Every structure is written in structure tokens, then in C-alpha cells.
Amino acid sequence: MEFILVLDGEMEYFVNGEIVLIERGYGISVNSKRMHYGFSTNKLDCTFIVVAVHPSLLGINTYVGKVYWEEKFDSDTEDYIMITSQSTWGKEILHSLHLIYEEMNSTPCKPLHLLSLAASLCADVGDHIQRVPGQINDDQSRIAVWK
């Protein structure tokens, strides 16, 4: 899972063939195993926070963790979620991104606090991610693209 929070400026973000605009104060949650990158067509500066959470931190190697991960973050769910401050849950996720950034840069870093924040962040996004009806789950095509 990757999260972007734009602090200043704006960026265009490519996710699996779609380009979205992320403005100052907004963010995006990119689902697992999606092709993605940020850019600026107009070559404008943008300051942003990136938080990447590896599935192994969330217990994917356990039965319960694997089932949850496949339900919420598999290829038949949304590629991304735009995060704005227009909803309570969006505000909470944006705030969590700030907290994770602060914890990552604190001295000393407290890894269990960081893990707790990352798990909470993924749980909050998991509550709002939806399955996409009719989305093709073609693992062979995805593997070819990744290679």
C-alpha cells in the first residue's frame, strides 16, 4: 500500500492507466500491486509525504491476515482512493499520514508506535475500499506488465 499526501503544490498521479490530480492538502491511497507514479506535466514543484506499508507488516503470512488482505486489497478492488478532508474518515487518514511522517522523523523512532499507526492507517482505508464489479482478475497479464 502506498499513500501520498501533497503538502504544497499539486501533482498528477498515474494509477493503472488513469491520471488523477492531487491538490495541496489532499492525498491518495494506491492499492497493492498497481502500476503508479507521480509527475507534473507543467514541471511545477510539489512537496509531499509518501508512506509505503508492506503487507508483511500487517500479518499477511497468517491465515486471517491473508484472507483480509485478499478481501480488501486484491486485484478486484479499487485501484486507488482519493483522500480529502471533506469526510471525517478522510480527515483522519490525512492526519494519520502526518503522524506517521512525524514518527518516522522523531528521535528516537519508536517502531511499535510506527507499526500501530501504519496498521491503523491501512485498516481505515480498508473500511472504505470497494470491490469493482466486473473487474478482470488476470494475473498472467499483470505478471507480464510487472516483468
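The structure presented is a predicted model; accordingly, all values stated were derived computationally and were not measured.

**A word on the overall build of the protein chain**
(1) Moving on: The number of helices and strands found in the protein chain is 4 helices and 7 strands.
(2) Moving on: Counting from the amino terminus, helix and strand elements in the protein chain follow one another as β-β-β-β-β-β-α-β-α-α-α.
(3) Moving on: Against the globule reference of 15 Å for 147 residues, the protein chain gives a C-alpha radius of gyration of 16 Å, in line with a compact fold.
(4) Moving on: C-alpha extents for the protein chain along the principal axes are approximately 40 × 40 × 30 Å.
(5) Moving on: Taking all 147 residues of the protein chain together, the buried fraction comes to 32%.

**Some remarks on the pairing of strand β3 (residues 18–23)**
(1) Moving on: Alignment of strand β2 (residues 10–15) against β3, held across 6 bridges, turns out to be antiparallel. The residue bridging E12 from the neighbouring strand is L21, located in β3.
(2) Moving on: Between the antiparallel neighbours β2 and β3 lie 2 residues, among them N16 with a positive phi of about 45°.

**Notes on helix α1 (residues 63–73)**
(1) Moving on: Listed in full, the buried residues belonging to α1 are G65, W69, K72 and F73. Buried positions in α1, seen along its axis, are confined to an arc of 85° and lie on one side of it. Looking at α1, the residues exposed on the side facing more than 90 degrees away from the buried face are Y63 and V64.
(2) Moving on: Buried positions along α1 lie against α3 (111–126).

**A short note on unusual backbone geometry**
(1) Moving on: In the segment running from T107 into P108, the intervening peptide bond is cis, with an omega of -5°.
(2) Moving on: Positionally, P108 belongs in the loop between α2 (88–104) and α3.

**A short note on the sheet that holds β2**
(1) Moving on: A sheet is described by the order of its strands in space; here 3 strands give the open sequence β3-β2-β5, paired in antiparallel fashion. This sheet does not close on itself; its edge strands, each paired only once, are β3 and β5 (36–39). Ignoring strand direction, the axes of neighbouring strands in this sheet form an average angle of 25°.

**Some thoughts on the sheet that holds strand β1 (residues 2–8)**
(1) Moving on: Here we have 4 strands laid out as an open sheet, ordered β6-β1-β4-β7, and antiparallel in their pairing. Strand pairing shows two members of the sheet lacking a second neighbour, β6 (47–52) and β7 (80–83), which therefore form its edges. Strand after strand, the sheet turns through a mean of 15° between neighbouring axes, direction not considered.
(2) Moving on: Bridging between β1 and β6 involves 6 bridges; their strand directions are antiparallel. Following the sheet pairing, L5 is matched in β6 by I49.

Parameters and conventions
Residues numbered from 1 in each chain as written. Predicted model: local features only at pLDDT ≥ 70, side-chain atom pairs only at ≥ 80, totals over all residues. Heavy atoms only, no water. Helix = DSSP H or I, 4+ residues; strand = E, 2+ residues; numbered from the N terminus. Rg over C-alpha atoms; globule rule 2.2 N^0.38 Å. Buried < 20%, exposed > 50% of the residue type's maximum accessible area, 1.4 Å probe, protein only. Pairing = 2+ DSSP bridges. Arc of directions from axis to C-beta. Contact = heavy atoms within 4.5 Å. Axes fitted to C-alpha atoms, helices over the stretch in contact; angles between N-to-C directions.

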